Amino acid sequence: MAAVVCAFGGLAAPAVVAEEPYDGHIQCETEGDPKTCRIDLWLTRGYRAFSQCQVCHGLDGTGSTIGPSLLEKLGGEIGRARFMEVVANGYQGQIGVMPPWKENPNVMRYVDQLYAYLKARADKVLPAGKIKRYDR
Ligand code: HEC
């Protein structure tokens, strides 16, 4: 979820800890209501990169007949390291072929943003579809 405030029994000053890759890139009018959220340019680049994945993983990332749900994958089935490995190098699995993207700058330049965007979707802090910017 969003940044968490930790106070250790008054011994230490409260500290804000960035826990998720999208922390600091999402602003919501109503906390806990994804429909009221806006994102910055950084995260928008992740959303744009996701357009390369939709043909197999579904318009909203929840999967199709030819590719698994990326929201379930990032919701706990795989971690960041596996995501980065698979996106760069691809693999052949039971379902089919996940293509490698390491030659595609539209994906690789923004792979951190792409991971953050999909993690936010998996964590249900962002809705499907195009999201407005708050930083312009
Ligand atoms: C041409 C179709 C296709 C496209 C386009 C595609 N994928 Fe995949 N992807 C697959 C298939 C098929 C699998 C499942 C392979 C298997 O396990 O059999 C997969 C699996 C994955 C996995 C799961 C890895 C794991 O260890 O379980 C991730 C993460 C993933 N894709 C990310 C992406 C991202 C991010 C993009 C866009 C940059 C993308 N894919 C684009 C077909 C595609």
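Further up the page is the structure itself.
Residues numbered from 1 in each chain as written. Predicted model: local features only at pLDDT ≥ 70, side-chain atom pairs only at ≥ 80, totals over all residues. Heavy atoms only, no water.

Enquirer: Even after reading the chapter, I still don't get the state of the cysteines, so can you show me in this structure?
Expert: Covalent bonding between the sulfur atoms of two cysteines defines a disulfide. What the rule picks out here adds up to one disulfide. Between the sulfur atoms of Cys28 and its disulfide mate Cys37 the distance is 2.0 Å. Between Cys28 and Cys37, the disulfide has an S-S torsion of 95° and is therefore right-handed. Overall, the relative accessible area of 6% leaves Cys37 in the buried class. (Disulfide = S-S within 2.5 Å. Buried < 20%, exposed > 50% of the residue type's maximum accessible area, 1.4 Å probe, protein only.)

Enquirer: Explanation requested: the layout of surface pockets in the structure shown.
Expert: Where empty space is left can be seen by rolling a probe of water-molecule size over the atoms. The space that makes up the largest pocket amounts to roughly 480 Å³. Around the largest pocket, the lining is made up of 28 residues, and of these His57, Pro68, Leu70, Tyr91 and Met98 lie nearest the centre. Elements with a minimum of two residues in the lining of the largest pocket: helix H2 (54-57), helix H3 (70-77), helix H4 (80-89), strand S6 (97-98) and helix H6 (111-122). The biggest single contributor to the lining of the largest pocket is H4, with four residues. Each residue belonging to the lining of the largest pocket can be placed in one class, and the counts come to 20 nonpolar, six polar and two charged. (1 Å grid on protein atoms, 1.4 Å probe; cavity = no way out; pocket = protein on both sides within 12 Å on 5 of 7 lines; lining within 4 Å. Points joined across faces, edges and corners; volume = space filled by probe spheres on them. Helix = DSSP H or I, 4+ residues; strand = E, 2+ residues; numbered from the N terminus. Nonpolar A, V, L, I, M, F, W, Y, C, P; charged D, E, K, R; others polar.)

Enquirer: Please explain the side chain of Asp40 as it appears in this structure.
Expert: In this fold, Asp40 is placed in the loop between strand S4 (37-39) and helix H1 (41-50). One buried charged residue, Asp40, forms no salt bridge at all, with the nearest opposite charge on Arg133 at 6.7 Å. There is a polar contact of 2.7 Å between the side chain of Asp40 and the side chain of His25. If near-sequence neighbours (up to four positions away) are discounted, Asp40 is found in contact with Gly24, His25, Arg133, Tyr134 and Asp135. (Lys, Arg positive; Asp, Glu negative; His and termini not counted. Salt bridge = Lys/Arg side-chain N within 4 Å of Asp/Glu carboxyl O. Polar contact = N/O pair within 3.5 Å; in protein donor to acceptor, adjacent residues only side chain to side chain. Contact = heavy atoms within 4.5 Å.)

Enquirer: Help me understand the packing of H1 against H6, please; the structure alone is not making it clear to me.
Expert: At a minimum axis distance of 7 Å, the contact between H1 and H6 shows a crossing angle of 85°. The angle between the axes of H1 and H6 places the two elements in the roughly perpendicular class. Between H1 and H6, the contacting residues are Trp42, Leu43, Arg45, Gly46, Tyr47, Ala49 and Phe50 on the first element and Asp112, Gln113, Leu114, Ala116, Tyr117 and Leu118 on the second. For the contact of H1 with H6, the class distribution of residues is nine nonpolar, two polar and two charged. (Axes fitted to C-alpha atoms, helices over the stretch in contact; angles between N-to-C directions. Parallel < 35°, antiparallel > 145°, perpendicular 65-115°, else oblique.)

Enquirer: Would you mind going over the pattern of salt bridges with me for this structure?
Expert: If the charged atoms of two oppositely charged side chains come close together, the side chains can form a pair. Within the structure shown, the criterion is met by six salt bridges. In this structure, the salt-bridge partner of Arg80 is Asp112, at a minimum N-O distance of 2.7 Å. Highlighted residues: Arg80 in helix H4 and Asp112 in helix H6, separated in sequence by 32 residues. The partly exposed category is assigned to Asp112, whose relative accessible area is 35%.

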